[in-house]
Amino acid sequence: MVRSDGGQLYTIEGFAAALIMISTAYLVVNATSVYTAGDTHINDMQLETLGTDALTVMGTPMNTTEYDTANSTLRMILEAPDRDVMFRTKFLELVNSSGTGPKQDIQFVANYTCRIDNSDSTIPPLQPLSSSSRSLTGGEHPVRVTKWVIVNTPCGNETTRDRAVLVEVLLWRD
Amino acid sequence: MARLNDDAQWIVLMGFLVSFSFFFLALVINQATVVGQTTAESVIEFPKNDIRDVRSIIIRTESDTIQKDVYAISLGRKNAVVYYTFPFTPCYGKYSCTQIHFKSGVTEYDENWTSP
Amino acid sequence: MSDDSAVLSIDFLVGFTIFLLAFIWVLSIIPGLLIGLQAFTIDYDAVAYRTGVILVEDPGQKSTNETSWEIATFQQNYNKADVLRFGLAVSREDPNILSLDKVNRFFDNTTFNYPGDYHNRSIFGDYPYRFNISLKYIGSPESAKSIGEVLPEGYGYIRRFVKIKSMSNATIDGSNLTFLNNERFINGDNTTRTHIFSILLNNTDLIGEGSLVKDAAYKIIPGKESFMINLTYLNQTIVNAMNVSQENCFNISLNNTIVSDSTRTITFFDPIIDEVPLHMTTPQPVKRNVSILYNTTANRRGLNWEAPQITISLIFNLIPTGEPGCTMGSRFLNNTYTAPFDYDNNPNNVTQPQLRDAVVEVAVW
């Protein structure tokens, strides 16, 4: 009897096709990724918009008299002795208010920076301004928002003069 | 030599067809998932509020100590180089102008501001 | 000769089976690729953010490239087809500061219809999104203004904080005779019956280059914004030379209100007399109060509102009641020969625009 091995071709072709399909499937499934809610940074963007808007609204003078003296709610808070309580009350009142939207629980830690007079480049460490009830533990993903204000304060051990100060707030959602 | 038997090539061709269509599908799906993400990231990345903020302080500057404050704190805390001319130079008759320059490494902004 | 006796070789079967098994396995992976994908929900937050920026940071646009889309160009007829894009900000240089007129016009659902009008002018895009836009004053018990549907379970959302510029107004209190006499606003004698009281809007001081108010967020711009002038307790202003009231002797009638820019004159037909808005073509009796509210539907056509001086004149007539012992005329609110009332940036004369905190929310689904 003559052994015919002409049909082995079919087997080999079958194997080859199967191998091609499986390797493509493997490569494709590994290449596309599933985006989680955090990866898209949409929440970060919403929080950052919220924070900058709140600081802008606090830092805008209310009428032309306040504008002429470069005064605003934020400046009055920074120049007051009980600035941490005032800042917390005003900021949380703004940030947690909402009309028809969802209620939110936003926490924050606020600091401000000013320049040392006798040196042009060294920045002193952050002066604490205020914080909400919870402090930063490291598990949150806070967003940083800043606002410039012109105030007339000593700011640490410096002299009292008109100075430009940067208020920084770290915001996160519980 | 006898002609090679290529009757079974259609199996491999089918295999290729499936692979290519699978690949194409995955490509299309990949583009769709980034729609929301790139909007949010580009919003965060462009320093619109930083520029507006610094500009509003520069316009109200009244001393060169404030100018030094702005330069130093921008560089130290915001990682941005800010430069502007102070005192404002007189221009167009009774107005005063200043050249504002802001560079954050990714974004650069230049403006010639005229006081109203 | 080919053998077509319909018998398949074993090798062929094996090869084909392996191929088929692999094919079925690959097909079953495909649904897993589509897990994270929902066709239109992925961009709800992006659309909401974009709409938020358009509303809060842009002043809007008409088809003529002007930004005062809230003002009716002809009488009371407001042509909504003229509006290309909504925007609530006062001007391009004042983002996050909204104009009250624009806010009122935007939330007026007798003018614009949900969803078509709003979609074409603020949401944009081909897909028919549904949305809800609302505005609420912070710290005030006023209820929120909103347009759109009730919020469902899942939606894209953005919240913006803003300041809203309130309307400027002036009140001339007729019972405060000391003030009126100091300003020389009470004039006339025993025979005068017709009295003209003028209010001056000095644009050189209000919006000109020499204006003390530099920022559009605090300026009074009569041509583009609403303003109100109240004259109260007019009955107590009918006095004689000794400042004794002649109230019983005369009835007050408002003949006309004219507005002039020193070259042209138009008539204002819609004062509010004794708290009742009227459309006046003939003289009307006044018991106590007259208010001139120049809002976005008031007729501004025919006048150049950027002219250096705009004067609003109210023409009153004193009609004798016929009581015995009365003179033929009397002194009254009249500054025809003295200086007009200055509607300017002095907070003692005019209540200046104030900025109030508010929150705007946009939800898209």
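Residues numbered from 1 in each chain as written. Chains lettered and ligands numbered in written order. Predicted model: local features only at pLDDT ≥ 70, side-chain atom pairs only at ≥ 80, totals over all residues.

1. Observations regarding the overall build of chain B
Alright, step 1. Counting its regular elements, chain B contains 4 helices and 4 strands.
Alright, step 2. In sequence order, the secondary structure elements of chain B are arranged as α-α-α-α-β-β-β-β.
Alright, step 3. For a compact globule of 116 residues, the expected C-alpha radius of gyration is about 13 Å, and chain B comes in at 30 Å, more than 25% above that figure.
Alright, step 4. Projected onto its principal axes, the C-alpha positions of chain B cover 95 × 30 × 30 Å.
Alright, step 5. Within chain B, the proportion of its 116 residues that are buried is 25%.
Alright, step 6. Partitioning the intrachain contacts of chain B with sequence separation of at least 6 by distance along the chain shows that 31% fall at a separation of at least 24. (Helix = DSSP H or I, 4+ residues; strand = E, 2+ residues; numbered from the N terminus. Rg over C-alpha atoms; globule rule 2.2 N^0.38 Å. Buried ≥ 20, exposed ≤ 12 C-beta atoms within 10 Å, placed from the backbone. Contact = placed C-beta atoms within 7 Å.)

2. Overview of the domain arrangement of chain B
Alright, step 1. According to the domain assignment, chain B contains domain 1 (9-43) and domain 2 (46-114).
Alright, step 2. Between the C-alpha centres of domain 1 of chain B and domain 2 of chain B the distance comes to 47 Å. (Domains from an automatic or database assignment.)

3. Considering the nonpolar core
Alright, step 1. Among the nonpolar cores identified, the biggest contains 88 residues, and Ala54, Val165 and Val167 of chain A together with Ala48 and Val364 of chain C are the most heavily contacted of them.
Alright, step 2. For Val364 of chain C, the residues in contact, after removing those within four places along its chain, are Tyr44, Val47, Ala48, Thr51, Tyr129, Phe131, Tyr155 and Gly156 of chain C.
Alright, step 3. If you look at the next biggest cluster of nonpolar residues, it comprises 34 residues, including Ile229, Val239, Leu254 and Val259 of chain C. (Core = buried A, V, L, I, M, F, W, Y, C linked by C-beta atoms within 7 Å.)

4. With respect to the packing of helix H1 (residues 8-31) of chain A against helix H1 (residues 10-33) of chain C
Alright, step 1. Closest axis-to-axis distance for the H1 of chain A/H1 of chain C pair is 6 Å, and the angle between their directions is 10°. Accordingly, the angle class assigned to the pair H1 of chain A and H1 of chain C is roughly parallel.
Alright, step 2. Here the contact of H1 of chain A with H1 of chain C is built from residues that sort into 19 nonpolar, 4 polar and 2 charged. (Axes fitted to C-alpha atoms, helices over the stretch in contact; angles between N-to-C directions. Parallel < 35°, antiparallel > 145°, perpendicular 65-115°, else oblique. Nonpolar A, V, L, I, M, F, W, Y, C, P; charged D, E, K, R; others polar.)

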